[in-house]
Amino acid sequence: MNKDNKNEETSCQSSCCCGCSSEQSHNEVSCSCSEEHTCKEEVCSCGHKNSCSEDSCGCGCGCGEEHEGSTWELALGGVLFLVTELLGVVPEAYELYALVIAYLLLGWRIVWKSLQNIFKGNIFDENFLMTIATLGAFAIKAWEEAVGVMFFYRLGEYFEHRAVERSRSQIMEAVDMRPEVVNLLVNDEVKVVPASEAKLGDILLVRVGDRIPLDSIVVEGVSLVDTSPITGEPVPVKCESGDLVMSGCVNTSAMLKVRVEKVLAESMVTKILRSVETAAESKPAIDKFITRFAKVYTPFVVVVALLTAIVPSIITGNWEEWVYTALTFLVISCPCALVLSVPLAFFSGIGVASKNGILFKGGIVIEALKNIRAVVMDKTGTITKGEFVLQNVKPVNGVGADEVLTLCAGVELASTHPIAVSVVNAANERGLKLIRPDKFEEIAGEGLVAECGKDKILCGNLKLMKRFGVELAGYEEASSGSEVLVAKNNLYLGQLVISDSLKADAKSAVAKLKEQGLVTAMLTGDSQKEAESIALQAGVDEVRAKLLPQEKLRELQALREKYGAVMFVGDGINDAPVLAGADV
């Protein structure tokens with residue numbers, strides 16, 4: 001790895017011993033590779049890969065993860081404490097030794113973290129509170145209380161951590177679209193090779209139903225590509241020779257041959273996963289409740305304990321009695337119920353939410369709900385149903401709406417396009433009798449050309465009408481949604497307007513948010529016109545349209561700077577980076 005100025009970003013290759021993923025940018029890391037970089041994924045001194053987040057396990061490494069060694073410490077220390085205190089199987093002469101060993105196993109990380117924070121100037125936190133209370137318990141020979149406090153605190157933290165890990169793994173599994181293998185074309189033969197081995201310029205075969213494995217250029221074939229995994233919008237896009245296709249999208253209608261433009265480490269699927277892994281670092285740090293509580297409670301308890309030890313001792317001269325009283329006060333003042341109940345409450349909350357399809361990234365996220373100032377949401381599948389519905393039929397030249405719909409739906413029986421399905425469904429709901437065409441041809445990206453007896457029916461967009469020279473007398477462009485224009489024997493008969501529709505409770509939900517003084521905003525990959533139309537119907541305050549996943553994250557950060565803490569609501573893989581970067 002090349003090293004430039006230490007303040008400049010460097011690219012950490014996969015061979016770097018810090019454990020960073022390929023081409024991960026960073027400025028500072030505590031590994032042995034002699035580079036100074038901020039690693040999005042690093043290996044700390046205990047060998048555990050982490051994300052450089054705030055420490056939550058008390059080990060002092062800053063990874064925010066519960067290490068395997070820490071789990072064994074909890075298990076051994078807990079068993080030793082329970083066997084000694086509850087079962088009484090340890091001889092009385094050895095009880096003190098057993099409890100000291102249990103305390104060291106359970107509490108050394110917390111004590112060490114407390115000492116580190118003292119040298120950093122961050123004295124009054126939960127670690128300091130636990131340390132002085134438990135050491136005070138040892139001083140007055142209340143050994144079992146000292147070990148019990150450490151055990152129950154660590155146990156609560158362990159349960160919360162496991163709930164967070166389960167939620168986090170579900171999120172990461174859901175957004176990982178990286179392909180394991182690709183179909184490499186070599187002299188007209190298909191070879192299945194690992195995706196990581198594909199090189200720039202390789203020709204890949206993408207069959208119908210396959211995901212585009214790597215960011216590529218189409219070199220042969222014409223097909224409709226479902227871009228919803230990336231953009232979130234359900235309308236397939238026509239792709240032909242020379243068009244760029246992004247990894248993660250799905251080939252829906254015909255086989256394609258594509259030329260690799262970006263290797264796996266640089267393709268869109270990897271960028272999305274990397275954005276999810278690193279987006280949380282852009283969030284402002286939020287102290288846990290127990291940390292905020294300790295900052296106020298701990299100095300108060302310490303001051304009262306000092307006054308209890310010093311003032312009466314000076315007056316009475318009985319230092320031993322009042323120092324003992326002060327230490328007893330410290331032990332009694334330790335909020336054991338609080339340090340246990342808070343993590344367990346989060347464990348319960350995260351678990352219940354997960355069963356209901358809500359994935360919290362940690363207890364601190366639940367706490368952050370009270371600070372939210374803006375609610376940002378995706379459009380498709382969040383505000384809208386994510387399903388195309390026929391909104392209107394606009395006939396011209398003296399024909400009826402049902403006649404136009406019947407002609408169009410009969411032709412669309414031959415197509416599997418989402419818009420075609422919505423047209424057929426609308427005709428069936430009205431009880432219209434549909435006739436399949438004798439012959440049909442699908443022109444990708446334009447529409448269908450069909451023959452019904454002696455009649456030639458055209459159903460498609462403006463491009464299709466212009467291709468066949470249809471006069472569009474009486475045509476008016478729809479203000480929103482997708483249009484299907486219908487012509488019979490080159491006579492324009494009218495248009496169908498199809499669009500996504502609001503969820504039944506979307507408008508009322510947005511209204512309730514605004515009643516609470518929250519700003520509402522929408523981030524979408526759809527067109528500006530369509531986004532503004534949906535926002536107007538739902539009552540959303542601000543709109544950002546035509547955004548890719550990483551662009552959504554940038555807009556979210558801009559909204560945070562403008563309004564404060566933000567909540568994001570989304571339902572798709574394309575929303576993963578912005579979901580990870582939101583406060584909630």
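Every value quoted in this text rests on a predicted model; they were computed, and no experiment measured them.

Novice: Any chance you could break down the overall build of the protein chain for me, citing the residues and the numbers?
Specialist: Regarding its fold elements, the protein chain presents 17 helices and 23 strands. Within the protein chain, residue pairs in contact and separated by at least 24 positions form 59% of the contacts whose partners lie at least 6 positions apart. By element, 56% of the accessible surface of the protein chain is carried by carbon and sulfur atoms, the whole surface being about 28,100 Å².

Novice: Tell me about the packing of aromatic side chains, residues and numbers included.
Specialist: Under the definition given, this model contains five aromatic pairs. Each ring, one from Tyr-94 and one from Tyr-97, has its centre 6.4 Å from the other, and the planes form 50 degrees; the classification is tilted. When sorted by exposure, Tyr-94 lands in the same class as Tyr-97, which is exposed. Ring geometry for Tyr-475 and Tyr-492: centres 6.3 Å apart, planes at 85 degrees, overall edge-to-face. Of this pair, Tyr-475 sits in the loop between α13 (462–467) and β19 (482–488) while Tyr-492 sits in strand β20 (residues 491–502), placing them 17 residues apart in sequence. For Tyr-492, a relative accessible area of 0% corresponds to the buried category. Following the ring pairs from residue to residue traces out a cluster consisting of Phe-81, Phe-151 and Phe-152.

Novice: An account of helix α15 (residues 528–538) is needed here, citing residue identities and associated values.
Specialist: Buried within α15 we find Glu-530, Ala-531, Ser-533, Ile-534, Ala-535 and Ala-538. Buried residues in α15 make contact with β15 (384–395), β20, α14 (506–515), β21 (519–523) and β22 (542–544).

Novice: Could you give an account of the pattern of salt bridges, naming the residues involved and the relevant values?
Specialist: Inspection of every chain in the model, using the stated rule, returns 12 salt bridges. Two residues, Asp-402 and Arg-430, come together in a salt bridge whose shortest N-O distance is 3.4 Å. Separated by 28 residues along the polypeptide, Asp-402 in helix α11 (residues 401–412) and Arg-430 in the loop between α12 (418–429) and β16 (439–443) bring together distant segments of the chain. Overall, Asp-402 belongs to the partly exposed group, its relative accessible area being 38%. Of the residues examined, Arg-430 reaches a relative accessible area of 46% and is grouped as partly exposed.

Novice: So what's going on with the sheet that holds β21? Residues and values would help.
Specialist: The sheet built from four strands is open, its strands ordered β22-β21-β14-β23 with parallel pairing. The sheet is open, and its two edges are formed by β22 and β23 (566–569), each paired on a single side. Averaged over all neighbouring strand pairs, the angle between strand axes comes to 20 degrees, with direction disregarded. As paired strands, β21 and β22 are joined by three bridges and run parallel to one another. Considered in β22, the bridge of Met-522 is made with Val-543. Sitting on the sheet, α15 is in contact with β21 and β22, with an inclination near 155 degrees to β22. Across the sheet, helix α16 (residues 549–563) touches β14 (374–377), β21, β22 and β23, and the angle it forms with β21 is around 165 degrees.

Novice: Before we move on, can you summarise the nonpolar core with the specific residues and values?
Specialist: Core analysis: the biggest nonpolar cluster contains 26 residues, and Leu-496 and Ile-498 have the highest contact counts within it. Residue assignment for this core shows that the elements contributing at least two residues are β15, α11, α12, β17 (447–452), β18 (455–460), β19 and β20. Looking at this core, the element that brings in the most residues is α11, giving six residues. Counting 21 residues, the second-largest nonpolar core is a separate cluster that includes Ile-212, Val-218, Cys-239 and Val-245.

Novice: Got a sec to walk through a nonpolar patch on the surface? Specific residues and values, please.
Specialist: The grouping of Val-303, Leu-306, Leu-307, Ile-310, Val-311, Ile-314, Ile-315, Trp-319 and Val-323 at the surface amounts to a nonpolar patch, some 860 Å² of accessible area in total. Among the elements of the structure, α7 (289–316) and α8 (319–333) are those that each provide at least two residues to the nonpolar patch. Relative to the helices and strands, Ile-315 resides in helix α7.

Novice: Explain the sheet that holds strand β10 (residues 237–239) to me, and be specific about the residues and the numbers.
Specialist: The pairing of strands in a sheet happens through backbone hydrogen bonds and is either parallel or antiparallel. Read from one edge of the open sheet, three strands run β10-β9-β12, paired in antiparallel fashion. The outermost strands of the open sheet, each flanked by one partner alone, are β10 and β12 (250–251).

Novice: Any details on the environment of Leu-327? Residues and values, ideally.
Specialist: Secondary-structure assignment places Leu-327 in helix α8. Residue classification places Leu-327 among the partly exposed positions, given a relative accessible area of 22%. Each C-alpha atom, one on Leu-327 and one on Ala-133, is 8.0 Å from the other, the two residues being 194 residues apart in sequence. Contacts of Leu-327, omitting those with residues within four sequence positions, involve Gly-136, Ala-139 and Ile-140.

Conventions adopted
- Residues numbered from 1 in each chain as written.
- Predicted model: local features only at pLDDT ≥ 70, side-chain atom pairs only at ≥ 80, totals over all residues.
- Heavy atoms only, no water.
- Helix = DSSP H or I, 4+ residues; strand = E, 2+ residues; numbered from the N terminus.
- Contact = heavy atoms within 4.5 Å.
- Areas by Shrake-Rupley, 256 points an atom, 1.4 Å probe, with all protein chains shown as cover.
- Phe/Tyr/Trp six-rings, centres within 6.5 Å; stacked < 30°, edge-to-face > 60°.
- Buried < 20%, exposed > 50% of the residue type's maximum accessible area, 1.4 Å probe, protein only.
- Salt bridge = Lys/Arg side-chain N within 4 Å of Asp/Glu carboxyl O.
- Pairing = 2+ DSSP bridges.
- Axes fitted to C-alpha atoms, helices over the stretch in contact; angles between N-to-C directions.
- Core = buried A, V, L, I, M, F, W, Y, C linked by side-chain atoms within 4.5 Å.
- Patch = residues over 30% accessible without salt bridge, like charges linked within 9 Å, V, L, I, M, F, W, Y side chains within 5 Å.

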